[in-house]
Every structure is written in C-alpha cells, then in structure tokens.
Amino acid sequence: MNLIVTEQGFSLQHKGRTVIEHSVSTPAIYLGIGEGNFDMYRGNFDITDYVTERLALRQFKVETFSNEGKECHSIGFYFDGKEVIKMIVGETKESRLKAEFEAIDKRFNRFWMRVSATEEERVFGCGEQLTYLNLRGKNFPLWSSEPGVGRNKNTYVTWQADIHDKAGGDYYTTNYPQPTFVSDKKYFCHLETTAYADFDFTNSDFHELQAWDIPQYILFDAEDNYPQLMTNITGVFGRQPEMPDWVHDGVILGIQGGTEITVAKVEAAKKAGIKVAGAWCQDWQGIKMTSFGKRLQWDWQWNKDLYPKLDSRIHELKAQGVRFLGYINPYVLEDFPLYDEAQAKGYLATQEDGSKYVVDFGEFYCGVVDFTSPEACEWYKGVIKSNMIDFGLDGWMGDFGEYLPTDCSLSNGVSAEIEHNKWPYRWAKVQHEAIEEAGKTDDILFFMRAGGTGIQGYCHTLWGGDQSVDWCLDDGLASVIPAALSSGLMGNGIHHSDIGGYTTLHGMKRTKELFQRWAEMAAFTPIMRSHEGNRPGDNHQYDSDAETMNHLAKMTNVFVHLKPYIKDAVALNAQEGVPVQRPLFMHYEADDVAYEIKYQYLFGRDILVAPVYNQGETVKRLYLPNDTWIHAWSGEVFEGGWVDVDAPIGKPAVFYRQESSYRPLLDGIKCL
C-alpha cells in the first residue's frame with residue numbers, strides 16, 4: 001500500500017495499481033440523502049430514488065498511525081468545514097487493501113465512490129449476470145429479484161410479461177447480485193454492503209460505485225494471474241464443498257406426478273440407456289394449480305396422497321443407485337401446519353406493529369421465516385433435518401430467497417431494505433448447516449438460484465434460474481453461459497441449469513431441438529438436471545419420443561465418461577476456488593479476443609465448449625485461443641483462431657487440448 005498526499009489531493013495505490021485518485025477538483029467520494037421506493041409484485045421490483053442532496057467531498061485531512069506494526073491512514077472528508085465521513089485505510093494480514101468507513105454525520109444514506117479505471121479496461125462479475133460478461137459501458141443495479149421473463153425490453157415476450165405481470169425484467173435483473181467486480185488488470189474490488197447498490201462502468205477513467213447506505217468497507221487485491229486471483233477471492237467469500245460422488249453418475253431427471261410415475265419413468269429411462277443419478281420430484285409435498293401453471297404446496301412434508309409408499313420406495317431407488325431429491329424454499333403456506341406452528345412461535349416476519357405479514361406468490365400467500373431470529377433458524381433447520389434428511393431425501397432445490405419485502409419487520413431490528421440482499425446468504429446458511437449437522441455434507445446436494453455476498457461457502461451449487469423455453473439470448477439457453485462464467489468469477493464455481501429451460505408463457509413452448517441442444521451443453525457442466533417446466537404438457541420432454549431419449553442417453557454417457565475429469569475440476573474448485581466453467585481469458589490472458597467471448601467456455605482446463613444456441617444451426621463458428629485443439633468427435637486438429645465446424649445434433653462443438661494430461665480419457669469421447 002502506498003498513499004501519496006499533496007496539498008490538492010491524494011493517490012491511494014496497492015501492488016502498483018492506483019485504486020483511488022482524489023483531488024479538490026475531482027473528488028472520489030460523494031454523500032447524499034435519498035428516499036427509495038420499492039414496489040414489489042411477486043418478486044419483481046420497480047425501484048425509484050428521490051435524492052434531495054448529493055455532495056462532493058472535496059476537503060480532506062490525512063492522519064497516519066500504526067496498527068499492529070503496519071502503517072495505516074485515517075482520511076477524514078469534510079463539507080463546509082465539518083467532517084462527515086472517515087475512511088480508515090490499511091492492509092489486512094493477507095495484504096489486501098481495506099478501507100473502512102465510519103459515518104460521522106448520520107443524516108447521509110447515499111454513498112458514491114469512484115475507483116480508478118483505464119479507458120480500455122474490461123470488468124466482469126457483479127454476481128450472476130445473464131446478458132453481459134464484460135460489463136464495461138453499462139451500469140448494473142444490484143438488487144436480488146426475479147430476473148424476469150425475456151429480460152430484453154425490445155422483445156415481444158418481455159413486453160407481454162411487463163403488461164400482464166410486471167415481470168419482463170431487463171439486462172441487469174438477476175437472482176444473484178453481488179457488489180464485487182473483477183478487472184482484466186487482474187484485481188478484484190468488493191464493496192461490503194447489503195443495501196441497494198449500482199455499479200456504473202460507463203466512464204473512461206473511473207468506476208462509480210453507489211450504495212443506498214454507508215458501506216462497511218471496500219476491499220481490493222490483485223494477483224499475477226487469474227487462477228491465483230480466484231484463490232484470493234474465495235479466500236474472502238468462502239469455497240463450495242465438493243459435490244457428492246453420485247452426482248457424477250448421470251442425469252438428475254425432473255419428474256412429477258407421484259410414486260408410480262417416478263419409478264416407471266426412471267426404469268424406462270434406464271432401459272433406454274440413460275445414465276440416471278437421481279429423480280428430482282419437486283412436487284413431493286403436493287401441487288397447487290394456478291394460472292401460471294403447476295405450482296407446489298409450500299408445506300414441507302411428504303404428501304402421502306400424491307406419493308404413496310414413498311417412505312419405502314425412496315430407499316429401494318437408492319439401492320438401485322438412483323437418489324431421490326425434493327424441493328423447499330424459505331416460506332410457509334398460509335393456514336397450513338408449518339405456517340401455523342411458525343406463526344404461533346413468533347418465527348415469521350411481521351408488520352411494523354407486530355401483526356401478521358404474508359407475501360403474494362401468485363394466487364397464494366405465504367409467511368416469511370425470519371432468519372434474523374436464531375430460534376427461527378434452528379426451527380427451520382429442524383424441519384429440513386426431520387422432514388427431508390431423516391425421511392431419506394438426498395437433495396433438493398432450495399428455491400427463492402429474493403422475495404424479502406422491504407416493508408416487513410424482522411426480529412434483529414435491521415431494516416428489511418438492508419436485509420433484502422442478505423436473505424439468500426441467510427437461506428443458504430440454514431440449509432448448509434442442517435446438512436452439516438446431520439453429517440451429510442458429502443452425500444446431499446442442494447442447489448439455489450438466489451445469491452449474494454458470502455453465499456460461496458454455504459451454497460453447494462447454483463442453478464441459472466427460470467430461463468425461458470426459447471432461443472432468446474437474454475433469457476434462453478445462451479444466457480446460462482455468461483451466468484455461469486460471471487458467478488464463477490465470484491467464487492461459485494459449480495453451476496448448472498434446467499435442461500430445456502423452465503418458463504412457458506406468452507406463446508413459448510419447448511421444442512425437441514431446444515431440449516436436445518440444452519442437454520448437449522449440460523453434458524459439459526458439473527451437473528445434468530432436467531425440468532418439466534411450469535406447463536409440462538406444453539413442453540417437449542426427455543421422454544417425449546425415442547429419439548430424444550436416445551440422444552439424452554448419449555449425452556449422459558459422455559457426462560459419466562468424463563467423471564474423473566469433472567471430479568478433479570470440482571475438487572480444484574473446493575480447494576483453490578478455480579471454477580469448473582471458466583471464461584477463455586482465464587488461461588489465455590494475453591488473447592484480446594478471449595475477453596469478448598461470452599457464449600463459449602473452458603470446461604476445466606482442457607475442454608473448450610461452444611454450445612449451439614441458435615435454432616436450426618448445424619455449422620458452428622467459434623473461436624479457439626492460441627493452442628493446439630482436437631475436435632472431440634472427428635479427431636481433427638485445429639490451431640487457434642476463428643473456425644467453422646459441423647455441429648449436428650448429437651455432436652456439439654467441443655474441443656480438447658492436444659497436450660492435456662487427460663488425453664487418453666478425452667480421446668474416448670468420439671467413441672461414445
């Protein structure tokens with residue numbers, strides 16, 4: 001760390017990089033006063049801010065002191081001669097630069113900080129971003145929400161979703177925002193806040209970070225290469241545990257409808273040659289039909305009517321090598337047993353006056369389990385342990401986490417506006433601890449779509465959310481790729497998606513081709529899992545015809561064949577934080593083109609995947625970084641650059657490095 005102070009300003013540097021450049025004429029910090037409005041409709045937010053003041057803090061004073069033998073600096077910022085905020089700058093024991101903020105004038109609840117940038121710099125991250133990988137040139141509001149249907153204001157589907165449900169979304173809407181970015185200068189910058197934030201990357205010489213509260217601190221560090229940077233980042237936020245071994249043994253089939261249907265479908269899939277690792281039955285606790293489609297009964301107990309004899313059949317399936325997975329979320333259905341119990345014990349969020357508070361989830365209402373209450377957390381962990389783990393479930397979808405309304409009251413007394421972005425972290429922690437306390441971390445898999453700072457150490461895997469069952473770039477198959485890469489750069493290195501997508505609305509219907517192309521991509525991700533979608537009858541399913549089942553069988557054979565390679569990549573993620581799906585630039589940092597490729601990825605170190613995401617496309621144009629690559633299906637050798645390859649259904653555009661130490665294994669792909 002180096003602080004250079006002049007009469008007119010200061011420059012804060014770390015590891016040879018300028019982090020903050022402040023002067024009287026170009027101040028780095030601004031404070032303000034604002035009043036936000038959060039209009040939530042079923043997890044979709046219309047957010048506005050009325051700012052009454054924004055003050056440039058030009059005046060400053062620096063004091064230097066020693067803390068545990070390290071030089072630190074206290075920088076006071078003044079307005080009209082009065083100190084309004086203090087920034088205490090030093091290095092952590094890991095040599096990261098940390099600047100903590102102390103609010104002197106408590107009136108201010110808006111904060112802007114400018115981090116030094118260069119015009120050609122590229123930035124990535126900010127949680128899970130589905131439209132852009134390189135975030136330069138845009139601003140990104142950071143608020144956990146439903147991502148929306150379509151996510152592009154210029155499309156018909158988004159327009160229809162906005163008109164009918166206020167649910168169209170935009171390029172920045174995401175289940176998982178995080179106030180952290182990674183630069184192609186090989187540094188990361190994190191703003192520690194759970195308030196609404198907005199990172200603006202539109203300016204040539206600075207990035208402006210905004211928060212609707214005074215943040216606790218800003219953290220900055222750099223490394224010589226990207227794998228080292230990932231180890232550093234996950235050293236801050238935590239690392240995902242390795243997945244259970246059984247996850248690598250085939251696809252987790254999304255099945256609904258009851259015990260006999262599940263058993264019959266599993267047997268039929270296995271007979272067709274599909275490698276089946278599990279059956280994921282999200283309706284294990286019952287269904288609720290709405291105008292949106294088939295929804296679930298949110299009372300987390302085995303539904304004996306829909307799934308008779310499941311208490312014994314679940315163990316029979318397991319003996320056959322097929323695990324059974326279910327579903328849960330952090331809400332309880334009004335007037336059902338778990339809701340009544342939580343309400344009686346005071347474990348639900350309330351109105352400000354302590355009265356009942358429920359949230360509209362689309363034609364039914366639920367209570368919010370108050371995870372700021374230690375007693376409520378213990379109770380919900382008990383529900384998970386007794387109703388799910390002890391019952392025999394080997395995993396589940398830990399859905400939602402984005403719906404905490406800003407006007408409810410919580411037991412810890414903190415504003416729900418400040419708690420909102422922290423709620424996915426709290427939800428992940430409850431699930432992880434329930435599994436850990438049951439001694440099942442190595443055997444149970446749960447997956448979430450919501451995320452936030454610190455989720456990395458608790459969420460075992462992300463899934464991309466509720467993609468549309470179409471070919472649109474912003475909300476279809478293609479969007480899953482930047483989602484995996486951006487969240488991976490945040491330390492969430494295990495990511496997957498619903499094979500075929502989920503949302504069927506406004507004329508969308510999943511086609512056979514879309515399902516097959518999605519399955520091809522899923523074979524080159526850490527997890528294969530299908531979903532019937534919200535309107536199963538409108539969608540092509542994995543077992544709609546023999547050809548689709550044969551295709552899925554081939555893709556699961558590829559997936560299982562790669563098990564040693566995938567397990568090693570997953571282990572590296574757990575040990576060093578290097579994600580399983582990686583942007584091309586992670587290993588080809590001198591290649592300018594690699595930084596702009598958002599619809600291809602490296603699967604581990606040695607496999608390059610370029611999924612087909614356009615309808616009817618059978619010849620794929622793709623970019624190969626400077627290396628020697630072997631086409632997985634033909635064995636043809638390619639050097640770096642743009643190439644065109646045949647990519648018929650069943651043979652996606654996949655390459656591997658000639659010099660790979662896994663060469664004997666990878667050579668075997670073409671025989672499958």
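Throughout, a residue's number is its position along its own chain's written sequence, starting from 1. Thresholds applied to this predicted model are a pLDDT of at least 70 for local features of residues and 80 or more for the giving and counting of side-chain atom pairs; totals over whole chains, interfaces and linings are not thresholded and use all residues. Here the side-chain values reflect all heavy atoms present in the structure, with hydrogen atoms and water set aside.

The line we're drawing: UniProt positions are given in the numbering used here, feature names are shortened, and annotations may be inferred rather than shown by experiment.
By the naming in an unreviewed UniProt entry, the protein is Alpha-glucosidase, taken from Vibrio qingdaonensis. The Sequence similarities (unreviewed entry) comment attached to the protein in UniProt states, word for word, "Belongs to the glycosyl hydrolase 31 family."

1. What to know about the overall build of the protein
Note the following rule: Numbered from the N terminus, helices here are DSSP runs of H or I no shorter than four residues, and strands are runs of E no shorter than two. Radius of gyration: C-alpha atoms only; globule rule: 2.2 Å multiplied by the number of residues to the exponent 0.38. For every residue, the accessible area (1.4 Å probe, protein chains only) is compared with the maximum for its type, and the residue is labelled buried under 20%, exposed over 50%, or partly exposed between those bounds.
Scanning the protein from N- to C-terminus turns up 13 helices and 37 strands. Against the 2.2 N^0.38 benchmark of 26 Å for 672 residues, the protein shows a C-alpha radius of gyration of 25 Å, consistent with a compact globule. Dimensions of the protein along its principal axes, counting C-alpha atoms only, are 80 × 65 × 50 Å. Per-residue burial over the protein gives 62% buried out of 672 residues.

2. Here we look at the side chain of Asp474
Our working definition: Positive charges come from Lys and Arg alone, negative charges from Asp and Glu alone, with His and the N- and C-terminal ends not counted. The rule for a salt bridge is simple: a side-chain nitrogen of Lys or Arg has to be within 4 Å of a carboxyl oxygen of Asp or Glu. Pairs of residues are marked as contacts when any of their non-hydrogen atoms sit within 4.5 Å.
Turning to its location among the elements, Asp474 is positioned in the loop between β28 (462–463) and α9 (480–489). Put simply, Asp474 is tucked away with no salt bridge, and the nearest opposite charge, on Arg151, sits 4.8 Å away. Setting aside chain neighbours within four positions, we find Asp474 in contact with Leu130, Thr131, Gly150, Arg151, Asn152 and Ser479.

3. Describing empty space enclosed by the protein
Think of a ball as big as a water molecule: rolled over the atoms, this probe shows where empty space is left. Spelled out, the test is: Definitions used for this entry: grid spacing 1 Å over protein atoms alone; cavity, a set of points where a 1.4 Å probe fits but cannot get out; pocket, an open set with protein on both sides within 12 Å along at least 5 of 7 lines; lining residue, one with an atom within 4 Å of a point. Grid points are joined across faces, edges and corners, and a volume is the space filled by probe spheres set on the points. Here the term charged refers only to Asp, Glu, Lys and Arg, the term nonpolar to Ala, Val, Leu, Ile, Met, Phe, Trp, Tyr, Cys and Pro, and the term polar to all other amino acids, Gly among them.
On inspection of all chains with the given rule, the structure shows two cavities of 30 Å³ or more. In this structure, the largest cavity occupies an estimated 70 Å³ of space. What lines the largest cavity is a set of 13 residues, and nearest its centre among them are Val480, His496, Ser497, Met521 and Thr525. Residues belonging to the lining of the largest cavity are distributed by class as follows: eight nonpolar, five polar and no charged. The space that makes up the second largest cavity amounts to roughly 40 Å³. In this structure, the second largest cavity is lined by Arg517, Glu520, Met521, Val609, Pro611, Val612 and Pro652.

4. Section: the packing of aromatic side chains
How we decide: A pair of Phe, Tyr and Trp rings is counted when the ring centres sit within 6.5 Å of each other, with Trp represented by its six-membered ring. The angle between the planes then sorts it: under 30 degrees is stacked, over 60 is edge-to-face, the rest tilted. When the NZ atom of lysine or the CZ atom of arginine is within 6 Å of a ring's centre and also within 35 degrees of its normal, the charge is said to sit over that ring.
Tallied over the entire structure, the rule returns 58 aromatic pairs. Among the aromatic residues, those joined into a cluster by ring pairs are Tyr132, Phe140, Tyr171, Tyr172, Phe181, Tyr187, Phe199, Phe201 and Phe220. Above the ring of Tyr30, the side-chain terminus of Arg54 is found at 4.3 Å from the ring centroid. The cationic tip of Lys554 hangs over the ring face of Trp633; the distance from NZ or CZ to the ring centre is 4.9 Å.

5. What to know about the UniProt feature "domain: Glycosyl hydrolase family 31 C-terminal" (unreviewed entry) in the protein
UniProt tags residues 577–659 as "domain: Glycosyl hydrolase family 31 C-terminal" (unreviewed entry). In residues 577–659, the share of helix is 0% and the share of strand is 37%. The end C-alpha atoms are 24 Å apart.

6. Focus: the sheet that holds strand β35 (residues 637–638)
Just so we agree on the cut-off: Here, a strand pair is defined by DSSP locating no fewer than two bridges between the strands.
Spatially, β30-β31-β32-β37-β34-β35 is the arrangement adopted by the six strands of the open sheet, whose pairing is antiparallel. Of all the strands in the sheet, just β30 (581–582) and β35 have a single pairing partner and so form its edges. Two elements, β30 and strand β31 (residues 601–603), share two bridges in a ladder whose sense is antiparallel. Its bridge partner being in β31, Arg582 is matched across the sheet by Leu602.

7. Details of the layout of surface pockets
In this structure, the largest pocket occupies an estimated 660 Å³ of space. Lining the largest pocket are 36 residues, and of these Glu146, Phe292, Arg295, Tyr403 and Asp466 lie nearest its centre. At three residues, the largest contribution of residues to the lining of the largest pocket is made by strand β21 (residues 293–296). When the residues that make up the lining of the largest pocket are grouped by side-chain class, the tally is 15 nonpolar, nine polar and twelve charged.

8. A look at the UniProt feature "domain: Glycoside hydrolase family 31 TIM barrel" (unreviewed entry) in the protein
Mapped onto this structure's residue numbering, the UniProt feature "domain: Glycoside hydrolase family 31 TIM barrel" (unreviewed entry) falls at residues 266–566. Strand forms 13% of residues 266–566 and helix 34%; the C-alpha atoms that close the span are 24 Å apart.

9. With respect to the pattern of salt bridges
The full count for this structure, using the stated rule, is 46 salt bridges. Here Arg122 and Asp592 are joined by a salt bridge, their closest N and O atoms 4.0 Å apart. Within this pair, whereas Arg122 is found in the loop between β10 (110–116) and β11 (123–127), its partner Asp592 is found in the loop between β30 and β31, the two being separated by 470 residues in sequence. Note that Glu617 is salt-bridged to Lys620, the shortest N-O span being 4.0 Å. For Lys620, a relative accessible area of 4% gives the class buried. One salt-bridge network, held together by shared partners, links Glu378, Lys381, Lys385, Lys429, Glu433 and Glu437.

10. With respect to the sheet that holds strand β3 (residues 17–23)
For the record, the criterion: Axes here refer to lines fitted to C-alpha atoms; in helices the fit is confined to the stretch in contact. Angles between the N-to-C directions go from 0 to 180 degrees.
The three strands are arranged β1-β2-β3 in an open sheet whose pairing can be described as antiparallel. Whereas interior strands pair on both sides, the edge strands pair on one side only; in this sheet they are β1 (2–5) and β3. Sheet twist, expressed as the average angle between the axes of neighbouring strands with direction ignored, equals 15°. Here β1 runs beside strand β2 (residues 9–14); their pairing, made up of four bridges, is antiparallel. Bridge assignment links Asn2 to a residue of β2, and that residue is Gln13.

11. Here we look at a nonpolar patch on the surface
The condition that has to hold: What makes a patch is a set of residues exposed beyond 30% relative accessible area and free of salt bridges, joined within 9 Å when like-charged and within 5 Å when nonpolar (Val, Leu, Ile, Met, Phe, Trp, Tyr). Only the protein chains shown count as cover for residues, with accessible areas throughout obtained via the Shrake-Rupley method and a probe of 1.4 Å.
A surface patch of nonpolar side chains, about 360 Å² in accessible area, is lined by Tyr156, Trp159 and Ile163. Checked against the element boundaries, Tyr156 lands in helix α1 (residues 156–165).

12. Things to note about the packing of helix α11 (residues 546–561) against helix α12 (residues 563–576)
What counts, and what does not: Note on angle classes: values under 35 degrees are labelled roughly parallel, values over 145 roughly antiparallel, values of 65 to 115 roughly perpendicular, and the remainder oblique.
Following both chains from N to C, one finds α11 and α12 inclined at 60°, their axes separated by 5 Å at the closest point. Classified by the interaxial angle, the pair formed by α11 and α12 is oblique. Touching Phe559, Val560 and His561 of α11 are Lys563, Pro564 and Ile566, all from α12. Taken together, the residues of the contact of α11 with α12 break down into four nonpolar, one polar and one charged.

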